[in-house]
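Tertiary structure, described
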Amino acid sequence: MRVFVTGASGWIGSALVPELIGAGHQVVGLARSDASAAALTKAGADTVSGTLDDLDVLRETAAASDGVIHLAFKHDIAFSGGFQDAADADRSAVEAFGESLAGSGRPLVIASGLVGLAPGRVSTEADGRTPDEVSAHLPGGPRTRMGTAHATLALADRNVRSSVVRLPPTVHGEGDGGFMAALIAIARDKGVAGHIGDGTQRWPAAHRDDVARLFRLALEGAPAGSVLHASAEDGVPLRSVAEVIGRHLDVPVRSVPVEEGAEHFTWLSGFIGLDSPASSARTRELLGWHPAGPGLIEDLDKGHYFRSGGE
């Protein structure tokens with residue numbers, strides 16, 4: 001296929017592009033800078049210049065492609081307090097793709113999230129399938145992003161082979177600048193590795209290479225309206241994460257009371273207290289996905305997350 005990929009030079013995209021090319025596909029990556037375009041060209045992809053705000057570019061490139069994988073998200077503003085704005089841009093992009101692909105039977109695969117899907121129990125691909133199931137406890141931005149996933153699934157009724165890959169809060173690996181990097185930065189700043197309460201809250205996790213493989217499998221074979229879980233590990237206790245961080249930074253591990261969570265964890269406070277384990281059993285059976293990368297604790301213990309700031 002000729003595959004249009006947004007976020008192609010990003011954290012997951014830079015692993016997905018070689019995954020797709022290695023499987024015989026041609027990639028067209030959305031490049032918002034000269035540096036991104038150069039990286040994609042070096043990886044063997046074609047490029048189109050633009051951002052998520054260039055909706056005409058998104059529509060035209062999707063219309064000229066055999067399938068779309070939408071990974072781009074405005075993480076730069078989402079991780080600095082602008083999650084709602086990032087989620088709104090994401091919704092507009094998906095609506096543009098839907099306009100171009102409607103009636104074609106071509107695949108549209110988007111990234112969504114697993115945090116807060118079914119707090120306190122292990123969620124499955126059957127959870128959160130309708131707008132009525134959107135968790136009221138989620139902040140506005142994450143609620144909007146979950147609604148975008150519902151809109152994507154609804155495109156199956158318009159003859160789009162749509163699927164949603166729900167990502168764990170940490171897609172880890174060397175070079176990761178997401179939630180794990182943020183927790184480490186907070187621990188450095190505060191001088192303690194914190195967790196909320198007793199730290200038994202669980203987060204699913206997966207290595208970047210395994211997630212990239214799942215996106216390819218979804219593009220190639222996921223039935224219309226599929227929900228897929230990219231969780232290689234159902235749930236890693238956040239106290240275990242804090243303990244690894246404390247050991248590598250040589251700072252104490254401390255419980256942070258719930259009422260102090262917003263001050264300690266700043267923008268992460270809306271996520272860090274959620275117990276959100278997730279199973280991927282149905283995804284593995286449907287697509288033959290077999291995660292092979294290291295687990296989160298093993299990956300953290302390799303030390304690469306801590307090198308930039310010095311241990």
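This report concerns the structure included in the present document. (Residues numbered from 1 in each chain as written. Predicted model: local features only at pLDDT ≥ 70, side-chain atom pairs only at ≥ 80, totals over all residues. Heavy atoms only, no water.)

Description of the overall build of the protein
Heads up, the condition is: Secondary structure elements follow DSSP: runs of H or I no shorter than four residues count as helices, runs of E no shorter than two count as strands, and numbering proceeds from the N terminus. We compute the radius of gyration over the C-alpha atoms and compare it with the globule rule, which gives 2.2 Å times the number of residues raised to the power 0.38. The rule is simple: take the accessible area with a 1.4 Å probe, protein chains only, and divide by the maximum for that residue type; under 20% is buried, over 50% is exposed, in between is partly exposed.
What the protein contains, in helices and strands, is 13 helices and twelve strands. For the protein, whose C-alpha radius of gyration is 19 Å, the value lies close to the compact-globule estimate of 19 Å for 311 residues. With respect to the three principal axes, the spread of C-alpha positions in the protein is 55 × 45 × 35 Å. Looking at the protein residue by residue over its 311 residues, the buried ones come to 54%.

Some words on the side chain of Ser276
Short version of the rule: Any two residues whose heavy atoms approach within 4.5 Å at even a single point are treated as in contact.
Inspection of the secondary structure assignment puts Ser276 in the loop between α11 (269-272) and α12 (281-287). Apart from the residues lying within four places of it in its own chain, the contact partners of Ser276 are Leu114, Val115, Gly116, Arg202 and Pro204.

Digging into the sheet that holds strand β10 (residues 226-229)
The cut-off we apply is this: Strands were regarded as paired on the criterion that DSSP finds at least two bridges between them. To get an axis, a line is fitted to the C-alpha atoms, and for a helix only the part in contact is used. The angle between two axes follows their N-to-C directions and goes from 0 to 180 degrees.
A sheet is described by the order of its strands in space; here seven strands give the open sequence β3-β2-β1-β4-β5-β6-β10, paired in parallel fashion. Edge positions in the open sheet fall to β3 (46-49) and β10, since each of these has one partner strand only. Strand-to-strand twist of the sheet, defined as the mean angle between neighbouring strand axes without regard to direction, takes the value 20°. Note that strand β4 (residues 67-70) and strand β5 (residues 107-113) share three bridges and pair parallel. Its bridge partner lying in β5, Ile69 is registered against Val109.

A few points about empty space enclosed by the protein
Space left empty within the atom packing is revealed by a probe, the size of a water molecule, rolled over the atoms. Here is the rule: Think of a 1 Å grid over the protein atoms and nothing else: a 1.4 Å probe that fits but is trapped marks a cavity, an open set flanked by protein within 12 Å on at least five of seven lines marks a pocket, and residues with an atom within 4 Å of a point count as lining. Grid points are joined across faces, edges and corners, and a volume is the space filled by probe spheres set on the points. Side-chain classes follow a simple rule in which Ala, Val, Leu, Ile, Met, Phe, Trp, Tyr, Cys and Pro form the nonpolar group, Asp, Glu, Lys and Arg form the charged group, and the remainder, Gly included, forms the polar group.
Under the definition given, this model contains one cavity of 30 Å³ or more. Computed from the structure, the largest cavity encloses a volume of approximately 90 Å³. Residue lining of the largest cavity: 15 residues in total, with Leu183, Gly194, Ala242, Phe265 and Ile272 positioned closest to the centre. Listed by contribution, the elements that provide at least two residues to the lining of the largest cavity are α7 (179-190), β8 (193-196), α9 (238-249) and α10 (261-265). Of the residues in the lining of the largest cavity, the class split is twelve nonpolar, three polar and no charged.

A word on the environment of Ser255
Within the element layout of this structure, Ser255 appears in strand β12 (residues 253-256). Taking the relative accessible area as the measure of exposure, Ser255 reaches 34% and is therefore partly exposed. Residues Ser255 and His207, spaced 48 residues apart in sequence, show a C-alpha to C-alpha distance of 27 Å. Not counting the four nearest positions on each side in its chain, Ser255 is found in contact with His195 and Gly197.

A short note on the packing of aromatic side chains
Where we set the bar: Note on aromatic pairs: the rings of Phe, Tyr and Trp (six-membered ring only in Trp) are paired at centre separations within 6.5 Å, and the planes decide the class, stacked below 30 degrees, edge-to-face beyond 60, tilted for the rest. Whether a charge sits over a ring comes down to the Lys NZ or Arg CZ being within 6 Å of the ring centre and within 35 degrees of the ring normal.
This model, assessed by the stated rule, comprises five aromatic pairs. Here the aromatic rings of Phe4 and Phe97 are separated by 6.0 Å at their centres, their planes lie at 80°, and the arrangement is edge-to-face. Taken together, the residues Phe4 in strand β1 (residues 2-6) and Phe97 in helix α5 (residues 83-101) connect sequence positions 93 residues apart. Take Phe97: its relative accessible area is 0%, and that puts it in the buried class. Geometrically, the ring pair formed by Phe73 and Phe83 is tilted, given 5.5 Å between the ring centres and 55° between the ring planes. With Phe73 in the loop between β4 and α4 (75-78) and Phe83 in helix α5, the pair connects residues that are ten residues apart, well separated along the chain. What makes Phe83 buried here is its relative accessible area of 15%. Linked through ring pairs, Phe73, Phe83, Phe179, Trp203 and Phe271 together constitute an aromatic cluster. Seen from the ring of Phe73, Arg145 lies directly overhead, with NZ or CZ sitting 4.0 Å from the centre.

So, the packing of helix α3 (residues 55-63) against α5
Convention followed: For a crossing to be left-handed, the near helix must be turned anticlockwise from the far one by less than a right angle; the clockwise case is right-handed.
Put simply, α3 and α5 touch, their axes get as near as 8 Å, and they point 35° apart. In this structure, α3 crosses over α5, and the sense of that crossing is right-handed. Residues Leu55, Leu58, Arg59, Ala62 and Ala63 of α3 touch α5, and the partners they reach there are Ser92, Ala93, Ala96, Phe97, Glu99, Ser100 and Leu101. For the contact of α3 with α5, a count of residues per class yields eight nonpolar, two polar and two charged.

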